[in-house]
Amino acid sequence: MSNRSPIKSVRWSNDGRSVRIIDQRELPERLVERDIAMLDEFCGAIRTLAVRGAPAIGVFAAMGLACVMQRRVELPRDAFDRELETAAERLRATRPTAVNLAWAIDRMLACAASTPGEPLGVATALRRTADALHADDIAMCRRIGELALSLLTDGARVLTHCNAGALATTGIGTALAPIYLAQEAGRAVQVIASETRPLLQGSRLTAWELERAGIPVTVATDGAIASLMRAGKIDLAIVGADRIAANGDVANKIGTYALAVLARHHGLPFYVAAPTSTIDREMASGESIPIEARDPNEVRAFLGAPSAPLGVTALNPAFDVTPAELITAIVTDRAVHYPPYDFRRIERQDR
């Protein structure tokens, strides 16, 4: 077991005046931490994936709003409110698929709307709300891990996709939370991390954080997963989610749908782990989930070198939607949910 300090993907800087992040664009080559203070920097960090993972960007955006508005307390209240709204909408627009981002921003706006008085008092309330979101995200990860741990047998070989671990949250992750708790319990769990093309969040991030924690992890190309399943080298799959529709359809990193189809064909359990705040009960099905289209150059180049003819058309959807019927169970911080899924009446999570 590794004795390295736990990963803290998002936290306050030492002086509390900015937000310190692990810049995930630099991994696995270098562990670089940066302090973010200005609105443009917060938006850029989310858009360029310096900070990523649905829970983490929600907390990061909330902390960002608190940080930015702390510098605007000299404004009259009406001007303060207008600047808060503008900053919130700029952050909201950075990534459209992950519901936690909009959810956290809405919590911050509701906090401001319910706080009377001068901007200094509002800024203080915003900071408290951001801190509460941060603390609850850590606790949420632990609860998901505890509930999902029952799905892992000793010696299980677990496939995961993208990164839904400590780098994607402010705690021990969602899909990787039971992996960390299995290690704590002394269980021998092995992880197969799919590369996750085109930005390699599986090989760059998941493999990095698990190796750092002393958890056995093997990287496999996305195209190798079918053969590994057929050869009996995978026992189950568990992934995270960026948005879950009311009927249980799940939006997650591109390639997740293919893995769910493969798991069904090979008779393997396919689990999703995500906080209750990732459930969008107003969205009837995955058909309505907005899918972020990223820069085609992420596909046309690899590690800065061209990997396709210059100017060729490239499709780069960041996410896909896995139909509920392919999902064995959805683990939230409240329960392990089995089909048929109906999240229309689930209570919104107020932190």
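None of these values were measured; they are calculated from a predicted model. (Residues numbered from 1 in each chain as written. Predicted model: local features only at pLDDT ≥ 70, side-chain atom pairs only at ≥ 80, totals over all residues. Heavy atoms only, no water.)

> Tell me what's going on with the packing of helix α1 (residues 39–47) against helix α2 (residues 54–70), and back it up with residues and numbers.
Viewed as axis vectors pointing N to C, α1 and α2 meet at an angle of 170°, and their least axial separation amounts to 10 Å. On the basis of their axis angle, the class for α1 and α2 is roughly antiparallel. Contacts between α1 and α2 involve L39, F42, A45 and I46 from the first element and I57, F60, A61, G64, C67 and V68 from the second. Each residue belonging to the contact of α1 with α2 can be placed in one class, and the counts come to nine nonpolar, one polar and no charged. (Axes fitted to C-alpha atoms, helices over the stretch in contact; angles between N-to-C directions. Helix = DSSP H or I, 4+ residues; strand = E, 2+ residues; numbered from the N terminus. Parallel < 35°, antiparallel > 145°, perpendicular 65-115°, else oblique. Contact = heavy atoms within 4.5 Å. Nonpolar A, V, L, I, M, F, W, Y, C, P; charged D, E, K, R; others polar.)

> Residue-level account of the sheet that holds strand β9 (residues 250–253), with values.
Overall, mixed pairing links the four strands, which are arranged β11-β8-β9-β14 in an open sheet. Where the open sheet ends on each side, the last strands, each with one partner, are β11 (279–280) and β14 (319–322). Two elements, strand β8 (residues 243–245) and β11, share two bridges in a ladder whose sense is parallel. Following the sheet pairing, A245 is matched in β11 by D280. (Pairing = 2+ DSSP bridges.)

> Break down the nonpolar core for me, citing the residues and quoting the values.
Within the largest apolar cluster, 47 residues are counted, with the highest numbers of intra-cluster contacts made by I21, F60, L91 and L126. Of the residues forming this core, the biggest block, 13 residues, is contributed by α2. What L91 contacts, discounting residues up to four positions off in sequence, is L39, F42, C43, I46, A61, L65, L101 and I105. Among the nonpolar cores identified, the runner-up in size contains 34 residues, and M140, A148, L176 and I179 belong to it. (Core = buried A, V, L, I, M, F, W, Y, C linked by side-chain atoms within 4.5 Å. Buried < 20%, exposed > 50% of the residue type's maximum accessible area, 1.4 Å probe, protein only.)

> Tell me about the sheet that holds strand β4 (residues 157–160), and please be specific about residues and values.
If you trace the seven strands from one edge of the open sheet to the other, you get β6-β5-β4-β7-β10-β15-β16, paired in mixed fashion. At either end of the open sheet lies a strand with only one pairing partner, and these are β6 (217–220) and β16 (336–337). Pairing of β4 with strand β7 (residues 236–239) involves two bridges; the strand directions are parallel. Looking at the pairing, V158 lines up with L236 of β7. Across the sheet, helix α5 (residues 119–148) touches β7, β10 (270–273), β15 (329–331) and β16, and the angle it forms with β15 is around 145°.

> How would you explain the pattern of salt bridges if you had to name every residue and give the values?
Taken as a whole and assessed by the stated rule, the structure comprises 25 salt bridges. Ionic pairing is found between E26 and R30, a salt bridge with its closest N-O pair at 2.8 Å. The closest approach of N and O atoms between R90 and D40, which form a salt bridge, is 2.6 Å. You can see R90 sitting in helix α3 (residues 77–92) and its partner D40 sitting in helix α1, a full 50 residues away along the chain. By relative accessible area, which is 51% here, D40 ends up exposed. (Salt bridge = Lys/Arg side-chain N within 4 Å of Asp/Glu carboxyl O.)

> Provide a residue-level description of the pairing of strand β5 (residues 190–194), including the pertinent values.
The element β5 is extensively covered by neighbouring structure, given that four of its five residues are classed as buried. The sheet contact formed by β4 and β5 spans four bridges and is parallel. Residue V158 lies in a different strand from β5, and its bridge partner there is V191. A crossover connection joins β4 to the parallel β5 through helix α6 (residues 177–184); in handedness this β-α-β unit is right-handed. Summarising the sheet, β5 and β6 pair through four bridges and their orientation is parallel. Within β6, the position partnered with A193 by the bridge is V219. Between the parallel elements β5 and β6, the chain passes through helix α7 (residues 201–212) in a crossover that is right-handed. (Right-handed = clockwise from strand over helix to strand, strands pointing away.)

So far we have only geometry, and geometry alone does not tell us how the molecule works.
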